[in-house]
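Geometric and topological summary
The primary structure of each chain is shown beneath.
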Amino acid sequence: MQGPVRVTLQLGVPMLFHKAICATAALSLAALASVGLARAADLPVKAAKPVKDLPFFLVIDDRITYSYQFRATDPGAFSLKPGGNGFNGNTAKQVYSFTHFDVWGYGTNFFTISALKSDHNDPASPCIGFTTTSTQNSASVNGGNTVCAGATEFYGLFRSTFGGNEIFGTKMFSMGPLHNISFEIGADIEGENTYLAPAKRDVVAGLQFAFDLPYKGYLNVAPLAYKEINHNSFDSCASVFQQPGIPGVTCLTDGNTDFKWTWAVEVNYYMDLGFLPENAQFFAISGRAGWYGPKGDSNAPLTGIMPSKTELNSEPIRLTFDASKAMWGARYTHFVDLWVGWRYWQNKFGLDHNSSVNGICAVNGVSTHTCTEQTVNAGVTVKF
């Protein structure tokens, strides 16, 4: 995700108050000194320049991105390695994204929407089968058969901040490297055409602490409250995996999951490598990390089946090359960016990567390597 450029404005409207009697006296004295007994009203008065209204949005930044994740994962989506020696849990994904960032008088808004296309190791529904270690042509309960078409996922994220300095018209929330303290709200939405049929919806709310970094960079740290609801077809009482099932006890009537409120911490940063020689200042580093606390059972509101764990979803480092600035000059800074990064996602979706539950993070005690993701990703971003 491309790191937005933070812009902060202190908005104020100064007002000058003049007593009419003082203004009249001043004009009269000037008139007597220059033109004798001429009346002040006869003197030419220079018209004041009209004050232009500020636009509602002070900054608007829209971008599209194509990226490739070489070794992504999807929990429970795997196939047997040749010879049946272990499991292949890697899923290559192509990602198409649109991002928007804006600054207005009281804060910022950011949202991104992405479409992710998986390879055959993460199959689209209705491809489904039972895991078995007796054949190389096995399939996981989530599909996993390499002859099936890859799944398509849509993911959206929104975050909005309201700056303390802007709301209260002060600088009391700035001190040293601390740039501002803001109220933050946001939401995520996700769906994928696998048998699981996830329908993630979550909300976050809390504070954001914005710090300045060298070379006009920034570091944002946001402690948040987090609430998620989702869907899991495997938990549905109509699922073949839950027959016979007892609604509300061993299965969910409609497969909808409802998790507990928990804590979250989201961090992101961006900094140009301004210490490089001037003729090489085309590079920047950025990154993000999100920690999400245990949210109850992974099959909530059912309990005692698979407790969730703290989830870490991160891209600790991304190196960006400003190709447009290098080719066409500073006027075209960040119009075309080429970048490469490293993603690390532990306990994906809150699933315990050390769990021995069959068919997801492990099969017969052997890890499927699908509940933690470690992959290089690379892409191109175009601003318009």
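For the structure itself, look to the data block above.
In this report, the structure presented in the accompanying data block is examined.

Cut-off values and rules
Numbers given to residues run from 1 along each chain, matching the order in which its sequence is written. Only residues with pLDDT of 70 or above have their local features reported here, since the model is predicted, and side-chain atom pairs are shown and tallied only from 80 upward, although totals for entire chains, interfaces and linings are computed over all residues. For the side-chain quantities, the full set of heavy atoms in the structure was used; hydrogens and water were omitted. Secondary structure elements follow DSSP: runs of H or I no shorter than four residues count as helices, runs of E no shorter than two count as strands, and numbering proceeds from the N terminus. Exposure classes here rest on a 1.4 Å probe applied to the protein chains alone. A residue is buried below 20% of its type maximum, exposed above 50%, and partly exposed in between. To be clear on the numbers: accessible area is Shrake-Rupley with a 1.4 Å probe, and residue cover counts the displayed protein chains and nothing else. Residues belong to a common nonpolar core when they are buried Ala, Val, Leu, Ile, Met, Phe, Trp, Tyr or Cys residues joined through side-chain atoms within 4.5 Å. Every residue pair with non-hydrogen atoms within 4.5 Å of one another is taken to be in contact. Salt bridges are identified by distance alone: a Lys or Arg side-chain nitrogen within 4 Å of an Asp or Glu carboxyl oxygen. Polar contact is the term for a pair of N or O atoms within 3.5 Å; when the atoms are in protein, one must be able to donate a hydrogen and the other to accept it, and sequence-neighboring residues count only if both atoms are side-chain atoms. Only residues whose relative accessible area exceeds 30% and that form no salt bridge are eligible for patches; like-charged ones are grouped when within 9 Å, while nonpolar side chains (Val, Leu, Ile, Met, Phe, Trp, Tyr) are grouped when within 5 Å. Disulfides are defined as pairs of cysteine sulfur atoms found within 2.5 Å of each other. The rule for pairing is simple: two strands pair if DSSP sees at least two bridges between them. Classification of ring pairs rests on two measures: the distance between centres of Phe, Tyr or Trp rings, Trp counted by its six-membered ring, which must be within 6.5 Å, and the angle between planes, read as stacked under 30 degrees, edge-to-face over 60 and tilted in between. Note on geometry: a ring has a charge over it if NZ (lysine) or CZ (arginine) is within 6 Å of the ring centre and within 35 degrees of the ring normal.

**Quick word on the overall build of the protein chain**
- Scanning the protein chain from terminus to terminus reveals three helices and 17 strands.
- Per-residue burial over the protein chain gives 43% buried out of 384 residues.
- With the model as given, the accessible surface of the protein chain reaches about 20400 Å², and the carbon-plus-sulfur share is 66%.

**Points about the nonpolar core**
- Val-204, Ala-222, Leu-224, Tyr-226, Ala-264 and Tyr-292 form the largest nonpolar core, which has six residues in total.
- For this core, the element with the most residues is strand E9 (residues 217-231), which contributes three residues.
- Dropping the residues within four chain positions of it, Tyr-226 is found in contact with Lys-200, Asp-202, Val-203, Val-204, Lys-260, Trp-261, Thr-262, Trp-263, Ala-264 and Tyr-292.

**Remarks on the pattern of salt bridges**
- Per the stated rule, a full pass over the model turns up 13 salt bridges.
- Look at the salt bridges and you will find they share partners, linking Asp-61, Arg-63, Asp-337 and Lys-383 into a network.

**Quick notes on the side chain of Thr-375**
- Within the element layout of this structure, Thr-375 appears in strand E17 (residues 373-383).
- A relative accessible area of 3% means that Thr-375 is categorised as buried.
- A polar atom in the side chain of Thr-375 sits 3.2 Å from the backbone nitrogen of Phe-70.
- Within the structure, the side chain of Thr-375 is placed 2.7 Å from the backbone nitrogen of Arg-71, a separation counted as a polar contact.

**Examining a nonpolar patch on the surface**
- On the surface, Phe-70, Ile-317, Leu-319, Val-340, Trp-342 and Val-376 cluster together into a nonpolar patch covering about 500 Å² of accessible area.
- Taken together, the elements giving at least two residues each to the nonpolar patch come down to strand E13 (311-322) and strand E14 (336-346).
- Looking at the element boundaries, Phe-70 is found in strand E1 (residues 57-72).

**Looking at the state of the cysteines**
- The full count for this structure, using the stated rule, is two disulfides.
- Paired by a disulfide, Cys-237 and Cys-251 hold their sulfur atoms 2.0 Å apart. Between Cys-237 and Cys-251, the S-S dihedral sits near 90 degrees, and the bridge is therefore right-handed. Here Cys-237, found in the loop between E9 and strand E10 (256-258), pairs with Cys-251, found in the loop between E9 and E10; they are 14 residues apart in sequence, far enough to count as distant. Judged on exposure class, the residue Cys-237 and its partner Cys-251 are both buried.
- Between the sulfur atoms of Cys-361 and its disulfide mate Cys-371 the distance is 2.0 Å. The S-S bond linking Cys-361 to Cys-371 shows a torsion near -90 degrees; that makes this disulfide left-handed. With Cys-361 in the loop between E14 and strand E15 (362-363) and Cys-371 in the loop between strand E16 (366-367) and E17, this residue pair connects regions lying 10 residues apart in the sequence. The same class applies to Cys-361 and to Cys-371, which are both buried.

**Comments concerning the pairing of E14**
- Pairing between E13 and E14: nine bridges, direction antiparallel. Each bridged residue has a counterpart across the sheet, and for Phe-321 the counterpart in E14 is Leu-338.
- The sheet contact formed by E14 and E17 spans 10 bridges and is antiparallel. Residue pairing across strands places Val-340 opposite Ala-378, the latter belonging to E17.

**Re the packing of aromatic side chains**
- Taken as a whole and assessed by the stated rule, the structure comprises 20 aromatic pairs.
- For the ring pair Tyr-66 and Tyr-96, a centre distance of 5.3 Å and an interplane angle of 55 degrees mean the geometry is tilted. Of this pair, Tyr-66 sits in strand E1 while Tyr-96 sits in strand E4 (residues 91-104), and the two are 30 residues apart along the sequence.
- You can call Tyr-66 partly exposed: its relative accessible area is 32%.
- Judged by centre distance (5.7 Å) and plane angle (75 degrees), the ring pair of Tyr-332 and Phe-335 falls under edge-to-face.
- Members of the aromatic cluster, connected to one another through ring pairs, are Phe-56, Phe-57, Trp-104, Tyr-106 and Phe-162.
- A cation sits over an aromatic face here: Lys-295 above Phe-259, 4.8 Å from the ring centre.
- The aromatic ring of Trp-339 is capped on one face by Arg-318, whose charged end is 3.6 Å from the ring centroid.

**Remarks on the pairing of E4**
- A large share of E4 lies buried, amounting to 10 of its 14 residues.
- Hairpin connection, E4 to strand E5 (residues 107-118): the antiparallel pair is bridged by two residues.

Remember that the coordinates give geometry; whether it matters functionally is a separate question.
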